[in-house]
Amino acid sequence: MNAAHPRMRPTHAGWIEVIAGGMFSGKSEELIRRLRRAAIARQTVQAFKPAIDDRYEADAIVSHDERRVPSTPVADVAALRRALAPDTQVIGIDEAQFLGPELVPLAVELAKQGKRVIIAGLDMDYRGEPFEPIPQLMAVAEEVTKTHAVCLVCGAPASHSQRIAAGDGRVLVGAGEAYEPRCRDCFEQPVPAPAEAEP
Ligand code: ZN
């Protein structure tokens, strides 16, 4: 069998899927749905999330509606790479915005190995700015799904995460009550704190 022949192309060719959206938009629910379907199809599945995300529990991806799949907490991309089993066919990664730019080459490498890589994460931070590495992952992905919440001001589909409590950092981890979903029109871009302001 000549694997290089076009007609002999493996049916389970690797690819990258990105599920991107604001907070409360159902990213984890969609990731869990896809991972469960893969498991039902008897594919070997591994799920990961950053160890920083301890909202619910360390060893599961949990959606706001309390669905869950077992997952391995990883401190960084190197730890994720070490935790990967060679025979895993489907890899799910939640809250990928916390894993940094090294996730992009790893996702490409895994897809080239024939694996299906499903990545969920915030596409914008609380300022409405692209939240790397999600934009870069969206660029190299075969399939991108944008999830939307409901704007709490006007009821339109919401793509932004409005910070409604003070805090440091681009995201207050585990502080969902500090944000609410807003549409583009209702989103109010935060005024930079003095430390963040341009000189
Ligand atoms: Zn609105």
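Above: the structure in question.
How each quantity is defined
- Residues numbered from 1 in each chain as written.
- Predicted model: local features only at pLDDT ≥ 70, side-chain atom pairs only at ≥ 80, totals over all residues.
- Heavy atoms only, no water.
- Helix = DSSP H or I, 4+ residues; strand = E, 2+ residues; numbered from the N terminus.
- Buried < 20%, exposed > 50% of the residue type's maximum accessible area, 1.4 Å probe, protein only.
- Contact = heavy atoms within 4.5 Å.
- Areas by Shrake-Rupley, 256 points an atom, 1.4 Å probe, with all protein chains shown as cover.
- Expected span 1.5 Å × (residues − 1).
- Polar contact = N/O pair within 3.5 Å; in protein donor to acceptor, adjacent residues only side chain to side chain.
- Arc of directions from axis to C-beta.
- Phe/Tyr/Trp six-rings, centres within 6.5 Å; stacked < 30°, edge-to-face > 60°.
- Lys NZ or Arg CZ within 6 Å of the ring centre and 35° of its normal.
- Donors = N, O, S within 2.8 Å, 3.2 Å for Na, K, Ca; no water.
- Pairing = 2+ DSSP bridges.
- Axes fitted to C-alpha atoms, helices over the stretch in contact; angles between N-to-C directions.

Peer 1: Residues and numbers for the overall build of the protein, please.
Peer 2: Secondary structure assignment for the protein yields four helices and twelve strands. Burial statistics for the protein: of 199 residues in total, 44% are counted as buried. Taking as baseline every contact in the protein between residues at least 6 positions apart, the subset at least 24 positions apart corresponds to 68%. Summed over its atoms, the accessible surface of the protein is roughly 10700 Å², and 54% of this surface lies on carbon and sulfur atoms.

Peer 1: I'd like a description of helix α1 (residues 27–40), backed by residues and values.
Peer 2: For α1, with 14 residues, the first-to-last C-alpha span of 20 Å sits near the 20 Å given by 1.5 Å per residue. Residues of α1 that are buried include every one of K27, S28, E30, L31, I32, R34, L35 and A38, and no others. Positive phi appears at R42, one or two residues downstream of α1, with a value of about 65°.

Peer 1: Now, about the side chain of E95: what can you tell me, with residues and values included?
Peer 2: Checked against the element boundaries, E95 lands in the loop between β6 (90–93) and α3 (103–112). E95 gets classed as buried once you look at its relative accessible area, which sits at 9%. Reaching out from E95, the side chain makes a polar contact with the side chain of Q97 at a distance of 2.7 Å.

Peer 1: Give a description of α3 that names residues and reports values.
Peer 2: L103, V104, L106, A107, L110 and A111 are the residues of α3 that are buried. Projected down its long axis, α3 shows its buried positions confined to an angular sector of 165°, all on one face. Among the residues trailing α3, G114 stands out with phi positive, at a value near 95°.

Peer 1: Any chance you could break down the packing of aromatic side chains for me, citing the residues and the numbers?
Peer 2: Scanning the model with the defined rule gives zero aromatic pairs in all. Between the NZ or CZ atom of R163 and the centre of the ring of Y126, over which it lies, the distance is 3.8 Å.

Peer 1: Which residues make up the coordination of the zinc ion, and what are the values?
Peer 2: Around the zinc ion, the protein contributes the donor atoms C151 (SG), C154 (SG), C183 (SG) and C186 (SG), at 2.3 to 2.4 Å from the metal centre. Between consecutive donor residues of the zinc ion, the sequence gaps follow C-x2-C-x28-C-x2-C. Judged by its relative accessible area of 3%, C151 is buried.

Peer 1: Describe the environment of C151, and please don't skip the residues or the numbers.
Peer 2: Its place among the elements puts C151 in the loop between β9 (149–150) and β10 (157–158). For the pair C151 and S161, spaced ten residues apart in sequence, the C-alpha separation works out to 9.4 Å. Setting aside chain neighbours within four positions, we find C151 in contact with A156, A158, P181, R182, C183 and C186.

Peer 1: Now, about the sheet that holds strand β5 (residues 72–74): what can you tell me, with residues and values included?
Peer 2: One open sheet accounts for six strands, arranged β5-β2-β6-β7-β1-β8; its pairing is parallel. One side of each edge strand has no neighbouring strand; the edge strands of this open sheet are β5 and β8 (143–147). Adjacent strand axes in the sheet meet at a mean angle of 20°, parallel and antiparallel pairs treated alike. Judged from the seven bridges that link them, strand β1 (residues 15–21) and strand β7 (residues 116–122) form a sheet pairing that is parallel. Residue pairing in the sheet places I19 in a bridge with A120 of β7. The strands that α1 touches are β1, β2 (45–50), β6, β7 and β8; relative to β7, the one it contacts most, it runs at about 165°.

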